[in-house]
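Residues per chain, in single letters:
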Amino acid sequence: MKKLLSLSLALLLAFTMTACGDASASEEAGKAGAEEQLVAGMVWYNFGDTFITATRNAVSDAAEGGNIKIDAADSQVDISTQTNNINNLLTKDVDFLTINNINPAGAPEYIAKAKEKDIPVIFVNCDSPSDEDLNSYDKAFHISSAAEQSGYIQGDLASQYWNENPAADRNGNGKMDYIMLVGMQGNYDSKMRTEKSVERVIENGIEVNLIQEALCNWQRAEAQNQVASIIAARRDDIDVIFANNDDMALGAIEALKASGFFADEDSYIPVLGVDATKVGVEAIKEGTLMGSSLNNPVILGSTVYKMIELLSEGKEITTETLGRTVSEDGNHIWLDYVQITAENTEDAEY
Ligand code: BGC
């Protein structure tokens, strides 16, 4: 009896040990599984921005088919929030970091932090870090639209309108009197679009006169308010409105409509945007927004995800692997814009 008891005790012990062993083994397997789940930390300047929302959606769509999880953070247009977001994601040990950077001066520090963690860092839709900074780390990249192109597109469209329409010079002073709606102070896309649009008009042999440059933070409502006050002061002088993006162009159009413009052919003012967002393209079709250039969020978002995927597989980022033009030094990807007017709104579909 005693023998039987000790045998069953031994069996019970053995069973328990095996069970425990299995349990911890499966726990290990679970842990290993969890460890395999790669995470990309993504810091965006503003979740509320139309173009950024479209780009985030494109990243999510691409991520749906892949095996890298996205952990996104909103900097709410604030540099210290951006820095906190970056630090939080690094503390969480993300495997990749992407930054839609609003603090160009901080780029060297962000690269150094990513290097310390030995994870790739990709600067998305923003000013590029300097070559020196990018080259200081072989896992640092930059991907953005070539913003100067969108400025040139605006300049050419405005020049064409001016040359084809003698009535475009509304006050007859021989100069293109324009309003410039600026996205964000110091922002690369804003700087390029503001400079290159007007530079191109001048290159095209047209004299220009700035009525007002208004900083509207990429926002439709701010543009609407600012343009309404400019109309109140300079109604008869406005020949052209350049906006650094479609949202602000649409705000300007609202203000113009509210004060009687766009009622007929004689009350038309050319307004130019950038992005060719869905709502922007609707305005082109309606005949209010004269033109825009497609800043394709699907190409940007899906290319960012593809880069992360390639890096996760230990592959190099090249023109061949990525399917987009990669610079010779291997760390810049510049995406092209497409001019959109009433002639080709179908090219803005994505
Ligand atoms: C887009 C803007 C957007 C900005 C945000 C630009 O490329 O054209 O619409 O507000 O990026 O950084």
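Everything numeric here is computed off the predicted structure, so don't read it as measured data. (Residues numbered from 1 in each chain as written. Predicted model: local features only at pLDDT ≥ 70, side-chain atom pairs only at ≥ 80, totals over all residues. Heavy atoms only, no water.)

Trainee: Looking at this structure, I do not really get the sheet that holds strand S2 (residues 68–74). What am I missing?
Mentor: The strands that make up a sheet are held in pairs by hydrogen bonds between backbone atoms, and each pair lies either parallel or antiparallel. As summarised here, the arrangement of the 6 strands in space is S2-S1-S3-S4-S5-S11, forming an open sheet in which the pairing is parallel. Edge positions in the sheet fall to S2 and strand S11 (332–335), since each of these pairs with one other strand and no more. In this sheet, neighbouring strand axes are inclined to one another by 15° on average, regardless of whether the strands run parallel or antiparallel. Relative to S11, strand S5 (residues 140–145) is paired through 4 bridges, and the arrangement is parallel. Across the sheet, the residue bridging to His-142 is His-332, located in S11. Sitting on the sheet, helix H3 (residues 79–91) touches strand S1 (38–44), S2 and strand S3 (96–99), and the angle it makes with S1 is about 175°. (Pairing = 2+ DSSP bridges. Helix = DSSP H or I, 4+ residues; strand = E, 2+ residues; numbered from the N terminus. Axes fitted to C-alpha atoms, helices over the stretch in contact; angles between N-to-C directions. Contact = heavy atoms within 4.5 Å.)

Trainee: Help me understand the environment of Glu-116 in this model?
Mentor: Of note, Glu-116 is situated in helix H4 (residues 107–117). Between the C-alpha atoms of Glu-116 and Leu-289, which are 173 residues apart in sequence, the distance is 47 Å.

Trainee: Which parts of the structure should I look at to understand the site of the ligand?
Mentor: Close contacts around the ligand come from Tyr-45, Asp-49, Phe-51, Asn-125, Asp-189, Arg-193, Trp-218, Asn-245, Asp-275 and Asn-295, and that covers them all. Taking Arg-193, its side chain carries an N or O atom lying 2.8 Å from an oxygen atom of the ligand. Asn-245 places a side-chain nitrogen or oxygen 3.0 Å from an oxygen atom of the ligand. Protein coverage of the free-state accessible area of the ligand, which is 310 Å², stands at 98%. Its atoms largely coinciding with the cavity grid, the ligand occupies the largest cavity. A breakdown of the residues in the shell around the ligand according to their chemical character gives 3 nonpolar, 3 polar and 4 charged. Both domain 1 (37–145 + 296–335) and domain 2 (148–294) contribute no fewer than three residues apiece to the shell around the ligand. (Near = heavy atom within 4 Å. Polar contact = N/O pair within 3.5 Å; in protein donor to acceptor, adjacent residues only side chain to side chain. Areas by Shrake-Rupley, 256 points an atom, 1.4 Å probe, with all protein chains shown as cover. 1 Å grid on protein atoms, 1.4 Å probe; cavity = no way out; pocket = protein on both sides within 12 Å on 5 of 7 lines; lining within 4 Å. Sits in = over half its atoms within 2 Å of the grid points. Nonpolar A, V, L, I, M, F, W, Y, C, P; charged D, E, K, R; others polar. Domains from an automatic or database assignment.)

Interpretation in functional terms is not warranted from these geometric data alone.
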